[in-house]
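# Analysis of the macromolecular model
The chain contents come next:
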Amino acid sequence: MKLELHPNLHRITIEDVAARLSNICRYQGNGGKYFYSVLEHSLIVYDVAREVCSDAFFGYCVLMHDSSECVLGDFNGVIKSFINKQTSALSEIEELLDDFFITKFLPNRAKEIYLNNREVIWKYIKMFDRYVIKQELQNPLIHCYLVFNIEDNEIKNIPDFRIPVTIGDFYQNSRFRFAYEVNTLLKQLEHFLLIEDYESYLKENVQRFLESRSENPAAA
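This is a predicted model, so every value here is computed, not measured.

## Structural notes on the overall build of the protein
- Within the protein, the regular secondary structure consists of 11 helices and 0 strands.
- Considered along the principal axes of its C-alpha atoms, the protein spans approximately 50 × 40 × 35 Å.
- When the 220 residues of the protein are sorted by exposure, 49% land in the buried category.
- Within the protein, residue pairs in contact and separated by at least 24 positions form 76% of the contacts whose partners lie at least 6 positions apart.
- With an accessible surface of roughly 11,600 Å², the protein has 50% of that area assigned to carbon and sulfur atoms.
- Charge-centre separation for the protein: the mean point of 24 positive side chains lies 2 Å from the mean point of 32 negative side chains.

## Quick notes on helix 7 (residues 108–116)
- Taken together, the buried positions of helix 7 are occupied by A110, I113 and Y114. For helix 7, the angular spread of the buried residues around the axis is 100°, confining them to a single face. Turned more than 90 degrees off the buried face of helix 7, the exposed positions are N108, L115 and N116.

## Quick look at helix 2 (residues 38–52)
- Along its 15 residues, helix 2 runs 22 Å from first to last C-alpha, staying within 8% of the 21 Å computed at 1.5 Å per residue.
- In terms of burial, helix 2 is a largely internal element, 13 of the 15 residues being buried.

## Notes on the packing of helix 3 (residues 56–63) against helix 8 (residues 118–137)
- Put simply, helix 3 and helix 8 touch, their axes get as near as 10 Å, and they point 65° apart. Seen from above, helix 3 lies across helix 8 with right-handed handedness. Only I121, Y124, I125 and F128 of helix 8 make contact with helix 3, whose side of the interface consists of F57, F58, C61 and V62.
- For the contact of helix 3 with helix 8, the per-class residue count stands at 8 nonpolar, no polar and no charged.

## Side note on the environment of L90
- Here L90 shows up in helix 6 (residues 89–104).
- Apart from the residues lying within four places of it in its own chain, the contact partners of L90 are F75, K80, I83 and N84.

## Thoughts on the pattern of salt bridges
- Counting across every chain of the model gives 7 salt bridges.
- Linking D99 and R118 is a salt bridge whose minimum nitrogen-to-oxygen distance equals 2.6 Å. Placement of D99 in helix 6 and of R118 in helix 8 is noted, with a sequence separation of 19 residues between them.
- For D99, a relative accessible area of 16% corresponds to the buried category.

## Notes on the packing of aromatic side chains
- Scanning the model with the defined rule gives 9 aromatic pairs in all.
- Measuring from ring centre to ring centre gives 6.1 Å for F161 and F209, while their planes differ by 55°; the resulting arrangement is tilted. Remark: F209 occurs in helix 11 (residues 198–215) and F161 occurs in the loop between helix 9 (153–156) and helix 10 (174–189); sequence separation between them is 48 residues. Residue F161 shares its accessibility class with F209, and that shared class is buried.
- Over the ring of Y27 we find R26; its NZ or CZ atom is 4.5 Å from the centre of that ring.

The rules we used
- Residues numbered from 1 in each chain as written.
- Predicted model: local features only at pLDDT ≥ 70, side-chain atom pairs only at ≥ 80, totals over all residues.
- Heavy atoms only, no water.
- Helix = DSSP H or I, 4+ residues; strand = E, 2+ residues; numbered from the N terminus.
- Buried < 20%, exposed > 50% of the residue type's maximum accessible area, 1.4 Å probe, protein only.
- Contact = heavy atoms within 4.5 Å.
- Areas by Shrake-Rupley, 256 points an atom, 1.4 Å probe, with all protein chains shown as cover.
- Lys, Arg positive; Asp, Glu negative; His and termini not counted.
- Charge placed at Lys NZ, Arg CZ, Asp CG, Glu CD.
- Arc of directions from axis to C-beta.
- Expected span 1.5 Å × (residues − 1).
- Axes fitted to C-alpha atoms, helices over the stretch in contact; angles between N-to-C directions.
- Left-handed = near helix turned anticlockwise from the far one by under 90°.
- Nonpolar A, V, L, I, M, F, W, Y, C, P; charged D, E, K, R; others polar.
- Salt bridge = Lys/Arg side-chain N within 4 Å of Asp/Glu carboxyl O.
- Phe/Tyr/Trp six-rings, centres within 6.5 Å; stacked < 30°, edge-to-face > 60°.
- Lys NZ or Arg CZ within 6 Å of the ring centre and 35° of its normal.

Right, dumping it as structure tokens:
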């Protein structure tokens with residue numbers, strides 16, 4: 001199946017992405033009494049990832065990891081898993097839109113690095129994403145146990161970074177902050193040297209961080 005993007009997608013700005021994601025409630029409304037937006041979640045995952053790896057390029061990819069949802073909306077894990085067992089169409093569309101939004105704003109050299117390292121970049125994005133989901137499952141504001149189970153292997157086996165996750169007032173200006181962070185990272189990418197071997201780089205950063213937490217529990 002050949003997928004083609006609608007021409008109007010090329011007109012979407014970073015501010016448009018921020019506005020749309022801020023209006024989408026995660027877990028399709030199964031989030032308790034608190035309106036927990038996709039944008040707030042994206043910023044939380046970004047903050048966790050930046051503590052582990054300060055690289056601007058990876059930070060940008062993490063921050064944009066749910067940008068496809070500004071077109072698709074938020075499919076919870078149970079529904080997505082069911083659809084993917086019936087057809088590959090959703091995952092193909094999601095992958096196409098992920099790549100479109102992440103590469104849309106990047107300088108050409110950074111686009112090349114992303115496309116050459118896509119698999120490993122998404123492996124680590126999903127690791128940080130699942131770490132945050134694990135914290136969401138334990139937060140009384142977010143009733144996402146209706147969607148995820150903390151005993152699921154993909155969540156249970158995530159490394160414990162021991163990074164506190166704050167949900168609520170800190171992210172109320174999420175639209176402004178998202179646009180600011182994306183634009184700041186893109187400006188950094190105009191001047192900073194990009195890393196070729198992302199698999200080794202990300203693996204070393206995660207390992208180093210986990211070892212530092214193990215050696216210094218008070219830092220957690």
